[in-house]
Amino acid sequence: MRTDAVLLCLAVLSCRSTPAPKAPQPSPSAGPAAPEPAAASPVPPSPANPPATQVTGAQPPVPNAAGQPETPPAPVESRRSAIETPSAPPPGIDLSALDRTVNPCNDFYRFACGSWLARTPIPEDRPQWGRAFSEVLERDEKVLRQIVEQDARGEPDPANPFAQKVGDFYATCMDEEKAETASFATLQRELQAIDRIADPRALARRVAELHRGGARAFFGFASRQDSRDATHVIGGVDQGGLGLPDRDYYFRDDRKSQELRGLYLDHVARMLAMSGDPQADAHAHRIFQMETTLARASLDRVARRDPYKVYHRLDRAGLLTVAPHFEWNDYFAILGAADVQAINVTAPEFVRTLDGLLARGNLDDLRTYLKWRAIEAAADTLGARFVDERFRYTRALTGAKVLLPRWKRCVQMTDRALGEALGRTFVTTTIGAEGKAMAKEMIVNIERAFEANLATLGWMDDAAKKASLYKLHKIDNKVAYPERWRDYAKLQIGRESLLENVLSAARFETARDLAKIGKPVDRGEWRMTPPTVNAYYSSSLNEMVFPAGIMQLPFFSPEAPVPSNYGGLGMVMGHELTHGFDDQGRKFDGDGNLREWWSPRVAKAYEQRAACVAKQYDRYVAVDDVHLNGHLTLGENIADIGGMKLMIAALRAKRQGQPPTNVGGFDDEQQAFIAFAQVWCTNYRPEAARTQALSNPHSTTQWRVNGPVSDNPDFASAFKCARGSPMAPANRCTVW
């Protein structure tokens, strides 16, 4: 998991939706890059995976293309014996993490994690540190480092035909002198090309070139499934072009938001000055004014969660009408989608506002804005001045004290650029055939638990239950690694300029992505690389994906007790499955089409239950006086509540007829609940908790534990909680 933005999200697990595609843009040095507004697709960015820069600067999570059909799914042994796998924690729950002075019925998170929280400092280079996501990521990065260093030395790897490209990319990234010289020279060529913009046609062509290279200029464009016809791939224009983490950051009046705006303005001016702009201060203010105009027209994150509000099939003719002052024909020709006709426009009002900005803006201002986007995208491939300045800004969002070591930043960049090449060797060191088979069995058991529970729901009518069963039985489950690996043969990687390699990888990804428009949907591709410590559900594909990166301790191990496997990975599976039926997922049928397939009575009953969850989480405090946003986090909270119910039901079915176990005085179900909670043991810096609460669809980890258990009567029974205690309230919120 790679970008430092990921580190902010490490406490946020698996998300429903499709993760953002990985246009290989450099990550911020530490802490989250200011992410663009939430995705405009039917599904938001993945949980633990950060909202990364999208293909052609787009924000929506876009499906990636498939790889090479003839490539064997499991790589050959490669250098497995030469790679030292870091030691993992012992399987099962961690009794030493418990704080037995806390009553589990009062605060289960503190009970399960209190001692761990007290003894575990946050590393200086991290915004937060968690017992599961952070520690698994740390181990995985050490394995990946060995792989990329062996590739850089030219050691043969039978598992990966693209090992040289991986090695060249990493070696160039590690060469700090070339970052100071060759990468800076590459940036200067980019800026000079922007200086040559002399008319609207040249402007559109240069925006296309920036998008091809992963820069976030004005808006984004990428392929996407048609929400109304999931068999077709169309184009998608989305809002974008902002530098602060969310559109609301431009308008909040609290002191911290004002300070952040001031810091951002100063950051932009410093970056422009280091790039050679003699009017950096004045230009920074103009850039900020343009971004504020775009932010005002942008949909907020809650609105973007409604798939109906982000579906506007205008097609090319309609787009030309909405924004006539942008030369779309030139843009699409340079981008590599000259013939595209079928286009969804996520936010038409945003595009109208952008058109007005272009119509009345002078070319000097527009060129200055585009230069900033090029500099921002390139910053972490450049020399120490740029990297340090970027970190100065991002640490205000994360609280991280020092920059990540260069090797970690380079491992993350390499994974974004060549993730499925790097993943071929990675999977030989991690998940084996036994573990993959066990995980598949767990998924089946979770799905059976959902089917059994469905039959008991009195608020659903028979037609809705029948349609839900159809959707359940059509879910495609992907485990560990792709059946077909991506082909990187056409990607050009050298050992001169890191920025040139990053641009080359982004252009490769853009071309691969846009080539899908007009073709049938490829249901075999993955939207996360195998080393990713995360999982996802996609509404449009109706699939769940569990990469090898998350199939490790403390989530899962073939050697672990069954209850802890279910509390860890089983809960992740239940969470992802419930996403198919959360407040967004329920709007897509079993074939991935956006349509109303429930009766008005059933839909109203669902909405009442969802409103209870939103109100419950609105009350929770993330940090200081910052509350969670119950509507922004609604889908994830529904998935957590439903996932826990499915996990414990599946465990009961699995353990039926078998002798009970006892670990530290805890029975099977208590172990599963503790294992679940300990996945979320996390220490936050205040800045990171604040940023997550204000802009992330996942609740902070305390509430990812205490929220779901307080809504679960099985938990209250397992720990003998008295009715009315904090973890056993008289009135619970239950959707599924």
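Scanning the entire structure with this criterion turns up 41 aromatic pairs. When the ring of Phe219 is compared with that of Phe326, the centres are 5.6 Å apart and the planes differ by 85°; the resulting orientation is edge-to-face. Taken together, the residues Phe219 in strand E2 (residues 219-226) and Phe326 in the loop between helix H10 (315-322) and helix H11 (328-335) connect sequence positions 107 residues apart. Take Phe219 and Phe326: they sit in the same class, and that class is buried.

Next up on the list: the sheet that holds strand E7 (residues 543-547). Taking strand neighbours across the sheet as the criterion, the 3 strands line up as E5-E7-E6 in an open arrangement whose pairing is mixed. Of all the strands in the sheet, the pair left with one neighbour each is strand E5 (476-480) and strand E6 (536-538). Mean inter-strand twist for the sheet, computed between neighbouring axes without regard to direction, equals 15°. Where E6 lies against E7, 3 bridges are found, and the strand directions are antiparallel. Pairing of Tyr537 across the sheet is with Met544, part of E7.

A few words now on the side chain of Arg367. The residue Arg367 is located in helix H13 (residues 363-378) in this model. A distance of 2.5 Å separates a polar side-chain atom of Arg367 from the backbone oxygen of Ile197. When sequence neighbours within four positions are dropped, the list of residues in contact with Arg367 reads Ile194, Asp195 and Ile197.

Here the focus is the sheet that holds strand E3 (residues 229-239). Judged by pairing direction, the sheet is mixed, and its 3 strands sit side by side in the order E2-E3-E4 without closing on themselves. The open sheet has two free edges, formed respectively by E2 and strand E4 (343-345), since each of these has just one partner strand. In this sheet, neighbouring strand axes are inclined to one another by 30° on average, regardless of whether the strands run parallel or antiparallel. Where E3 lies against E4, 3 bridges are found, and the strand directions are parallel. Looking across to E4, one finds that Val237 is bridged to Val345.

Attention shifts here to the confidence of the model for the protein chain. For the protein chain, per-residue confidence averages 89 on the pLDDT scale, and 89% of positions sit at 70 or higher. Confidence drops under a pLDDT of 50 for residues 1-78, and excluding neighbours within four residues, the segment shows 387 contacts in the predicted structure.

Tallied over the entire structure, the rule returns 4 disulfides. A sulfur-sulfur separation of 2.1 Å characterises the disulfide bridge that pairs Cys105 with Cys721. Taking the sign of the S-S torsion, about -85° here, the bridge from Cys105 to Cys721 comes out left-handed. Of this pair, Cys105 sits in the loop between helix H1 (4-9) and helix H2 (108-119) while Cys721 sits in the segment after helix H25 (713-718); the two residues are 616 residues apart in sequence, bridging distant segments of the chain. Comparing Cys105 with Cys721 shows no difference in burial state: the two are buried. Within the protein chain, bonded cysteines paired by disulfides and numbered along the sequence follow the pattern 1-7, 2-6, 3-4, 5-8.

Parameters and conventions
Residues numbered from 1 in each chain as written. Predicted model: local features only at pLDDT ≥ 70, side-chain atom pairs only at ≥ 80, totals over all residues. Heavy atoms only, no water. Phe/Tyr/Trp six-rings, centres within 6.5 Å; stacked < 30°, edge-to-face > 60°. Helix = DSSP H or I, 4+ residues; strand = E, 2+ residues; numbered from the N terminus. Buried < 20%, exposed > 50% of the residue type's maximum accessible area, 1.4 Å probe, protein only. Pairing = 2+ DSSP bridges. Axes fitted to C-alpha atoms, helices over the stretch in contact; angles between N-to-C directions. Polar contact = N/O pair within 3.5 Å; in protein donor to acceptor, adjacent residues only side chain to side chain. Contact = heavy atoms within 4.5 Å. pLDDT = per-residue confidence, 0-100. Disulfide = S-S within 2.5 Å.

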